[in-house]
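# Geometric and topological summary
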Amino acid sequence: MHGARLDIFTEGVNNQLVVYGKAFTRYAQMKDGIPTDVQLLNSILQLFIYSYNMNMQSKNIIKPFVFLLLTSAKPLSAYSQEAISQETVVTAPGKKADESLVSKRVKSSDTASLLSEVPGVALATGGGVSSLPVVRGLADDRVQVYVDGMCLTSACANHMNPPLSYIASASVSSIGVKAGVTPVSSGGDNIGGIISVTSDQPVFAGFGESLKESGSVSTYYRSNNNSSGAAFTGIIAGRNVSFGVTGSTDHANDYKDGHGNTVTSTYYESRNFGATLALKGDSSLLTLKAGHQLIPGQGFVNQWMDMVENKASFINLRYKSDFSWGKLDATAYWQNTWHKMNSGEDKVVLVSLMPDMPMETRGIDLGYSLKTELPFAEKNILRLGNEFHRFTLDDKWPPVAGTGMWPETFLNINNGNRDRYSVFAEWESKWNKEVTTVFGVRNEQVRMDTGDVAGYSRTSTTYTIPANLFNSQPHSRNDSNWNITALTRFEPSSNGSYEVGYARKTRSPNLYERYAWATNWMCSGMVNWFGDGNGYVGNLNLRPEVAHTLSISADWHDSLRKNWELKVTPYYTRINDYIGVTKVGEKIYTSETLNILKFANHDARIYGLDISGKLSLWKNSAPGSGQLRGNLGYVSGKDLNTGSTLYHIMPLNGYLILEQSIAGWINAVELKIIGGKSETDPLRFEPTTDAYTLLNLRTAYQWKNLRVDLGVTNLFDKYYNLPLGGINYDNFLHTKPNGNIQPLAGPGRSFTVGVTQTF
Ligand SMILES: [Cu+2]
């Protein structure tokens, strides 16, 4: 299954994890065939230093990339050709979509929801296709997300367009999470974990085939919110050239909770188009992907504002190759987002409270990554990498005649930029049959800056006092962030393995955490990606947050991992300079108060336990085969300065799935059990929520290339509040606002149907 694998060595969650596992097998087999070319190693090291210096001095990001491509064009050995076919660099022709991904897509259009059964992963509610992943208590920007190797950034003061919202769930071919102690080669600038998503990979004609044509069409419907959508893929390919197109459209009305009440501002509409051109050499692959997304509207029930337009375009060029000296993986990408928010269709009716308040944001991500794997001295691999990522952001709010938001444009973030220059080295060594170690060091230079700001009025002291204070201080910030990972894996037998890991990981503040400057209620209330209704103010003096994580993992299973599996992972994280909040003001309504909170460095600790397992119940008998899967997650987080619980900590939760496969049918009963949330963050007035259990049923039938999915989610139409849903802001605004703030209710019962035809 694609999904829940946190183990860095053994599990095939995403390509990179597969690479780890297979690399060892290969080196073990090729004891005498590994070239240890010291000169080449040396020249590559120099290249990294050269390209790093180039970036730091002239910000020229293209030259070293081209240089490496040209210098690395060396003849291939038979050994590397064999290696590349093993490592799914070129996807097997005609590969059918992963079963568990298809059944999840029928339930939700939110790409992040594909991770819903992964132990330790929870989702904080955003829009219908924009929820925010939380990994072991660390959310949003604390988790690094790569979409086809692209490092994308939320370009919005509400994080309405998080990285996973840019890839339609229908286009996902694999998604994986590495939580906690992650190898430095897999990414930096996070303290929570790394999520990697890959879209459909290019397919080529096989032996004896001159031309390959394939594709798929799919559609679905969900009754609760009348949500429907369709997706298609089409590929035409020769032996060495492949061209593919993909498109999808998703639409939903507001959903109804278990009491049958409409939960407003939960509608969405999203359209995605993409094209892929790929060229395959004997052991190399060049892939050019480009795409465009349009979201004409997406409601945010736990925010003041809604997304009223989001347009994004991207270009992504990737080159992977095997050489006699090792492997190269190079990516260069660009994404441009135009984002508008305002009161959406459900909030406009509350016109006296929610006047027209347009906000326009332009965000551009630009970057490259160069990674090599160099085998040496038999069972060792050295990984070297150099990455660059630049995010630029303009967040401006046009004036509205006849209101207080007049006469000038409000400059929230003016020409903000955040550049990261990273280098890493990682050494993986297999000492003997039982023991493997990984040791890695990564440095990231983070440079941030922004221009001067101004409010709607250049004379009103509401704006001039905080703006002048902000403008009088230097805005440029340089962080030098060190990440270190040390891991040991011990596999005494084919029935179990144990892993101990330590990581020091660092994340620099995002642009809003440092540069959001407005201190009045209305403007600070627009800066909020927490869905809690409070206002947030940036802090120029913020330091990067540094997490020290220790985790131990035990994995017991039968020798083929077919009959049973049990994995237990306790973890502990101490975060120095955790970016928490201090109260700097408040807004008093009739019966409720909301806070104005300023970001501040605190200390925090998180500990928890993830358990997952599976058990084969019956096999190859009259009722086919049956399997029980489950997981359990516990996490506790505390702000050591305030002594209170961290915000958005998931209560005790678990999944139980009983699945039967028989003659083309897959039938399942799913039980989702969520404990009550009693410990909440008092500074943010986080609501408590009750425990609940949801029952889902689903069945799928595969007949040749046609697959039909039928299901029902929340069978008993249970009413429940989402522990990480924040507040129902729409309802509060509707009370004008004299009422009470309530938590957000989740969706009631929904019947689902999906049809997929591949050809
Ligand atoms: Cu927004």
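Residues numbered from 1 in each chain as written. Predicted model: local features only at pLDDT ≥ 70, side-chain atom pairs only at ≥ 80, totals over all residues. Heavy atoms only, no water.

### Details of the overall build of the protein chain
Put simply, the rule reads: Helix and strand assignments come from DSSP, with helices taken as H or I runs of at least 4 residues and strands as E runs of at least 2, each series counted from the N terminus. Between buried and exposed lies partly exposed: a residue is buried under 20% and exposed over 50% of the maximum accessible area for its type, with that area taken using a 1.4 Å probe on protein chains only. We call two residues in contact when some of their heavy atoms are within 4.5 Å. Computed with the Shrake-Rupley method and a 1.4 Å probe, the accessible areas treat only the protein chains shown as cover for residues.
Regarding its fold elements, the protein chain presents 9 helices and 32 strands. Counting only residues that meet the buried cut, the protein chain has 59% of its 759 residues in that class. In the protein chain, of all internal contacts separated by at least 6 residues, the share reaching a separation of at least 24 is 70%. As presented, the protein chain carries roughly 28,300 Å² of accessible surface, and 58% of it is formed by carbon and sulfur atoms.

### A few points about the coordination of the copper ion
Heads up, the rule is: Note that water is not among the atoms used; donors are N, O and S atoms within 2.8 Å of the metal (3.2 Å for Na, K and Ca), so sites may look incomplete. When four donors show all angles between 85 and 135 degrees the site is tetrahedral, when four or six donors have opposite pairs over 155 degrees and all other angles between 65 and 115 it is square planar or octahedral respectively, and in every other case it is irregular.
Ligation of the copper ion by protein atoms is provided by C156 (SG), M160 (SD), H339 (NE2) and M341 (SD), these donors lying 2.0 to 2.6 Å from the ion. For the copper ion, the 4 donor atoms in the first shell make angles of 92 to 121° at the metal, a pattern classed as tetrahedral. Each donor residue of the copper ion belongs to the same chain, with the gaps between them written as C-x3-M-x178-H-x1-M. On the criterion of sequence distance, the pair formed by C156 in the loop between β5 (150-151) and β6 (172-179) and M341 in strand β16 (residues 326-342) is long-range, its members being 185 residues apart. Take C156: its relative accessible area is 0%, and that puts it in the buried class.

### Remarks on the environment of S214
Inspection of the secondary structure puts S214 in strand β8 (residues 212-222). In this structure S214 comes out as buried when scored by relative accessible area, which is 13%. As for S214 and G234, which are separated by 20 residues in sequence, their C-alpha atoms are 5.9 Å apart. For S214, the residues in contact, after removing those within four places along its chain, are T233, G234, I235 and F759.

### Quick notes on the side chain of T331
Heads up, the rule is: We call two N or O atoms a polar contact when they sit within 3.5 Å, provided that within protein one can donate a hydrogen and the other can accept it, with sequence-adjacent residues counted only if both atoms are side-chain atoms.
Structurally, the position occupied by T331 is in strand β16. T331 gets classed as buried once you look at its relative accessible area, which sits at 1%. At 3.4 Å, the side chain of T331 and the side chain of R318 are in polar contact.

### Comments concerning the sheet that holds β6
Cut-off, in case you're wondering: Pairing between two strands is assigned when DSSP locates at least 2 bridges connecting them.
Spatially, 4 strands are ordered β5-β4-β7-β6 in an open sheet, and the strand pairing comes out mixed. Of all strands in the sheet, those with a lone pairing partner are β5 and β6, marking the two edges.

### So, helix α6 (residues 461-471)
For α6, every residue scored as buried is listed here: Y463, T464, P466, A467 and F470. Looking at the buried side of α6, the elements it contacts are β19 (410-430), α7 (511-515) and α8 (521-525).

### Brief notes about the confidence of the model for the protein chain
As a reminder of what qualifies: For every residue, the predictor states its confidence as a pLDDT score lying anywhere from 0 to 100.
Chain-level statistics for the protein chain give a pLDDT mean of 88 and a share of 86% at 70 or above. Of the regions scoring below 50 in pLDDT, residues 1-52 engages in 139 contacts with residues more than four places distant in sequence or in other chains. Long-range and interchain partners of residues 54-97, a stretch whose pLDDT sits below 50, account for 89 contacts in this model, where long-range means more than four residues apart.

### Quick word on the packing of aromatic side chains
Our working definition: Each pair of aromatic rings taken from Phe, Tyr and Trp, with Trp reduced to its six-membered ring, is defined by centres within 6.5 Å and is described as stacked if the planes are under 30 degrees apart, edge-to-face if over 60, and tilted in the remaining cases.
Under the criterion given, the structure shown has 23 aromatic pairs. Ring centres 5.9 Å apart and planes at 85° place the aromatic pair W304 and W521 in the edge-to-face group. Note that W304 is positioned in the loop between β14 (284-298) and β15 (306-323) and W521 in helix α8, a separation of 217 residues in sequence. W521 shares its class with W304; the two are buried. Each ring, one from W397 and one from F410, has its centre 4.2 Å from the other, and the planes form 10°; the classification is stacked. Of the two residues, W397 sits in strand β18 (residues 380-397) while F410 sits in strand β19, which places them 13 residues apart along the sequence. We classify W397 as buried; its relative accessible area is 0%.

### Some thoughts on the pattern of salt bridges
Operational definition: Salt bridge, as used here, is a side-chain nitrogen of Lys or Arg placed within 4 Å of a carboxyl oxygen of Asp or Glu.
Overall, the coordinates contain 35 salt bridges when judged by the stated rule. Its salt-bridge partner being E545, residue R507 comes within 2.8 Å of it at the nearest N-O pair. Of the two residues, R507 is situated in strand β22 (residues 496-507) and E545 in strand β24 (residues 545-557); the sequence distance between them amounts to 38 residues. Taken individually, R507 and E545 each receive the classification buried, so the pair is uniform in this respect.

### Points about the side chain of E387
Note on placement: E387 falls in strand β18. Relative accessible area serves as the criterion here: at 9%, E387 is assigned to the buried category. Once you skip the residues sitting within four places of it in the chain, E387 turns out to touch Y146, Y368, S369, K371, R420, Y421, S422, F424 and R442.

### Considering the pairing of strand β31 (residues 706-713)
Moving residue by residue along a regular strand, the side chains alternate between the two faces of the sheet. As paired strands, strand β30 (residues 692-703) and β31 are joined by 7 bridges and run antiparallel to one another. By the bridge assignment for β31, R698 is matched with G711. Adjacent in sequence and paired antiparallel, β30 and β31 are bridged by 2 residues, among which K704 carries a positive phi angle near 50°. Of the pairings in the sheet, the one linking β31 to strand β32 (residues 750-758) comprises 8 bridges and is antiparallel in character. Residue V712 lies in a different strand from β32, and its bridge partner there is F751.

### Section: the sheet that holds strand β3 (residues 138-139)
Adjacent strands of a sheet form backbone hydrogen bonds with each other and so pair up, either parallel or antiparallel. Pairing within the open sheet is antiparallel, and its 3 strands lie in the order β1-β2-β3. The sheet is open, and its two borders are formed by β1 (121-124) and β3, each paired with just one other strand. Pairing analysis gives 4 bridges linking β1 to strand β2 (residues 132-135), with the strands arranged antiparallel. Bridge pairing links A122 to V134 in β2.

### Some thoughts on unusual backbone geometry
Omega for the peptide link from W406 to P407 comes to 5°, which places this bond in the cis form. With respect to the element layout, P407 can be found in the loop between β18 and β19. Despite not being glycine, D189 shows a phi value in the positive range, around 55°. Here D189 is to be found in the loop between β6 and β7 (193-199). D189 sits in the buried class, given a relative accessible area of 8%. Within the chain, N714 stands out as a residue other than glycine whose phi angle is a positive 50°.

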